[in-house]
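# Tertiary structure, described
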Amino acid sequence: MKKFFVSLFTAATFFMPTAFADEIQVPENIYQWIDSSPRGNYFFNFQQTNYAVKDDGTIDLNTIIAPTIITYDNIQIDDVLQKRRWRGLSTDKYVDLVGRADYLKFDLEIGTVQVIERNNIDSTFTSIDSEKNLHPKALSSLSQNQLERKIYRTILLWAKKNNELMIKRSRGHLSSKDAKLNAGDFPIEKFEWIADAKK
């Protein structure tokens, strides 16, 4: 089984924007709360949001990987269970379902976001099941009132503000060409959708 969060229940500080029935707590020293809907709370892991690294070890400044988590309320949990039953799928491992963890891949060059891994998770934040490489979505296709739009923009604004930090903590290195870029010339700085999403 795959564990997504290190020492989750030993983190020093916890918070819960919306008090759901299961009272699942998410550590704020790892996750930033983005928003809540009637059915879930949305967070992203700013400690592990980073640039992708190419096969040659250079940092890919056009690709950002961001882990996210959604904690469900009981109504959403019941909805997931009912849909699995309708599809004739087992619900044995779902008695402790609390939410979903997604790994997002932002491609700044073509303006898309893709869920490269999606996991339903239990109360120990262990994967119940997993699916990979969902269909990419154009960021420009999101309407102004969609919660997804706010989620993605929040993550990318954080990345823009913390560009230098993401480069420093990356396991890769800048190419000789990228190492010469001025601060305002990085792809995240010039990514127009972030500004357009304000409108």
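Residues numbered from 1 in each chain as written. Predicted model: local features only at pLDDT ≥ 70, side-chain atom pairs only at ≥ 80, totals over all residues. Heavy atoms only, no water.

### Let's talk about the overall build of the chain
So the rule is basically this: The helix and strand labels rest on DSSP assignments: H or I over at least four residues marks a helix, E over at least two residues marks a strand, and numbering proceeds from the N terminus. Only protein chains enter the accessibility calculation, which uses a 1.4 Å probe; a residue whose area is less than 20% of its type maximum is buried, one above 50% is exposed, and one in between is partly exposed. Should any heavy atoms of two residues lie within 4.5 Å, those residues are considered in contact. The protein chains shown are the only cover counted for residues, whose accessible areas, like all others here, come from Shrake-Rupley with a 1.4 Å probe.
For the chain, the helix and strand inventory stands at five helices and ten strands. Residues counted as buried form 47% of the 199 residues belonging to the chain. Here the analysis covers contacts within the chain between residues at least 6 apart in sequence; of these, 57% occur between residues at least 24 apart. Taken as a whole, the chain presents about 11000 Å² of accessible surface, with 48% of it coming from carbon and sulfur.

### Some words on the packing of aromatic side chains
As a reminder of what qualifies: Geometry of aromatic contacts follows a simple scheme: Phe, Tyr and Trp rings, the Trp one being its six-membered ring, pair when their centres are within 6.5 Å, and the pair is stacked under 30 degrees between planes, edge-to-face over 60, tilted otherwise.
The full count for this structure, using the stated rule, is three aromatic pairs. Taking the centre distance of 6.5 Å and the plane angle of 40 degrees together, the rings of Phe46 and Trp158 count as tilted. Pair noted here: Phe46 is in the loop between β4 (40-45) and β5 (50-53) and Trp158 is in helix α2 (residues 147-161), with a separation of 112 residues, a long-range link. The class of Phe46 is buried, set by a relative accessible area of 18%. Measuring from ring centre to ring centre gives 5.8 Å for Phe106 and Tyr152, while their planes differ by 80 degrees; the resulting arrangement is edge-to-face.

### Concerning helix α1 (residues 74-86)
Basically, it comes down to this: Helix span, as expected, comes to 1.5 Å for every residue beyond the first. Working definition: the arc comes from the directions between the helix axis and the C-beta atoms, pointing outward to the latter.
Taking 1.5 Å per residue, 13 residues should reach 18 Å; α1 reaches 18 Å between its end C-alpha atoms and fits that length. Taken together, the buried positions of α1 are Gln76, Ile77, Val80, Leu81 and Arg84. Take α1 and look down its axis: the buried residues cluster within an arc of 140 degrees, on one side only. Away from the buried face of α1 by more than 90 degrees, exposed residues Ile75 and Trp86 are located. Contacts from the buried residues of α1 go to β6 (59-72), β7 (97-107) and β9 (127-132). Of the residues one or two after α1, Gly88 is the one with positive phi, at around 75 degrees.

### Some thoughts on the side chain of Thr58
Applied cut-off: Whenever two N or O atoms come within 3.5 Å, that pair is a polar contact, provided that in protein one can donate a hydrogen and the other can accept it, and provided that, for residues adjacent in sequence, both atoms are side-chain atoms.
Within the secondary structure, Thr58 sits in the loop between β5 and β6. A polar side-chain atom of Thr58 sits 2.6 Å from a polar atom in the side chain of Asp56. Setting aside anything within four residues of it in sequence, one finds Thr58 in contact with Ala52, Val53, His173 and Ser175.

### Regarding the pattern of salt bridges
The condition that has to hold: We count a salt bridge whenever a side-chain nitrogen from Lys or Arg sits within 4 Å of a carboxyl oxygen from Asp or Glu.
Across all of its chains, the model carries nine salt bridges by this definition. Residue Lys150 pairs with Asp35 through a salt bridge whose shortest N-O separation is 3.2 Å. One end of the pair, Lys150, is in helix α2; the other, Asp35, is in strand β3 (residues 31-37), and 115 residues separate them in sequence. With a relative accessible area of 40%, Lys150 lands in the partly exposed category. Classification of Asp35 by relative accessible area gives buried; the value is 18%. Close ionic contact of Glu164 with Lys168 constitutes a salt bridge, the shortest N to O distance being 3.2 Å. Residue Glu164 and its partner Lys168 are both found in helix α3 (residues 163-168); the two are separated by four residues, about one turn of the helix. Residues Glu164 and Lys168 agree in their burial class; the two are exposed. Three or more residues are tied together by salt bridges with common partners; here these are Arg100, Asp102 and Arg118.

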